[in-house]
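# Observations on the model geometry
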Amino acid sequence: MSQLDDLYRRVIMDHYKTPRNRGELDEGSVTVNLNNPTCGDRISLQLQLEDGIVRNVKFTGEGCSISMSSASMMTEAVMGKTAEEAVQLADKFSALMKGENPDFGDYEDVEALSGVNKFPARIKCATLAWNALRKGVEQGKGKHEDTEE
Ligand code: ZN
């Protein structure tokens, strides 16, 4: 297992040092700001939802390596997915944090955070970005589907 831990640690540090999709989107996108006061992590997530699809997603923020690498992985995982698929991925991530072994399909980097479930205090670090995603998708729905229902 130590080899796997080492691989996982490398994946986490790679996302932490070279975050994917870091930055800001133009106006018209949904913005969600969330904090994790127990660790001091904060994230600002921006989502561009079009026709129920995550067209673009970016984040800024600061915090520990777990929170920032998780945000980086989350943006890669949900890019181009439907809002529904994005929420399903968030559910899978919650399952991962409970020690389950969900299938993330073609995006395996997320599994590098599986070890976090052994450290309850850090779970909030890892789920911060995914909670922001859930809120963003909810807000995006409210914005565009008013006329349909
Ligand atoms: Zn943290």
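Right above here is the structure, for reference.
Residues numbered from 1 in each chain as written. Predicted model: local features only at pLDDT ≥ 70, side-chain atom pairs only at ≥ 80, totals over all residues. Heavy atoms only, no water.

## Quick look at the overall build of the chain
Note the threshold: Numbering goes from the N terminus for both helices and strands, where a helix is a DSSP run of H or I of at least four residues and a strand is a run of E of at least two. C-alpha atoms define the radius of gyration in this analysis, and the globule rule sets the expected value at 2.2 Å times the number of residues to the power 0.38. Throughout, a contact is declared for two residues whenever any of their heavy atoms are within 4.5 Å.
Helix and strand counts for the chain come out as four helices and three strands. Helices (α) and strands (β) of the chain occur, in sequence order from the N terminus, as α-β-β-β-α-α-α. In terms of overall size, the chain behaves like a compact globule, its C-alpha atoms giving a radius of gyration of 15 Å where 149 residues would be expected to give roughly 15 Å. In terms of its C-alpha atoms, the chain occupies a principal-axis envelope of roughly 55 × 30 × 25 Å. For the chain, the share of sequence-separated contacts (at least 6 apart) that also reach a separation of at least 24 residues comes to 62%.

## Some remarks on the side chain of S29
Defined as follows: The rule is simple: take the accessible area with a 1.4 Å probe, protein chains only, and divide by the maximum for that residue type; under 20% is buried, over 50% is exposed, in between is partly exposed. Within 3.5 Å is the distance limit for a polar contact, defined as a pair of N or O atoms, with the added protein rule that one can donate a hydrogen and the other accept it, and that residues adjacent in sequence qualify only through two side-chain atoms.
Looking at the element boundaries, S29 is found in the loop between α1 (2-17) and β1 (30-36). A residue is classified by how much of its surface remains accessible, and S29, at 13% relative accessible area, is buried. Reaching out from S29, the side chain makes a polar contact with the backbone oxygen of D26 at a distance of 2.9 Å.

## A word on the coordination of the zinc ion
The following threshold applies: We call an atom a donor if it is N, O or S and sits within 2.8 Å of the metal, or 3.2 Å for Na, K and Ca. Water is not counted, so some sites may look partial.
Here the zinc ion is held by C39 (SG), D41 (OD), D41 (OD), C64 (SG) and C125 (SG), and the distances to it run 2.2 to 2.7 Å. Mapped onto the sequence, the donors of the zinc ion take the spacing C-x1-D-x22-C-x60-C. Placement of the pair is C39 in the loop between β1 and β2 (41-50) and C64 in the loop between β3 (53-62) and α2 (65-78), with a sequence separation of 25 residues. With a relative accessible area of 15%, C64 lands in the buried category.

## Regarding the packing of α1 against α2
Inclusion rule: Axis definition: a line fit to C-alpha positions, over the contact stretch in the case of helices; interaxial angles, taken between N-to-C directions, run 0 to 180 degrees. Comment on the angle field: the value is read as roughly parallel under 35 degrees, roughly antiparallel over 145, roughly perpendicular from 65 to 115, and oblique elsewhere. Note that Gly is not counted as nonpolar here; it falls among the polar residues with everything else outside the nonpolar set of Ala, Val, Leu, Ile, Met, Phe, Trp, Tyr, Cys and Pro and the charged set of Asp, Glu, Lys and Arg.
At a minimum axis separation of 8 Å, α1 and α2 run at an interaxial angle of 85°. Overall, the two elements α1 and α2 adopt an arrangement that is roughly perpendicular. Facing α1, whose interface residues are V11, I12, M13, H15 and Y16, α2 presents S65, M68, S69, S72, M73 and E76. When grouped by side-chain class, the residues that make up the contact of α1 with α2 number six nonpolar, four polar and one charged.

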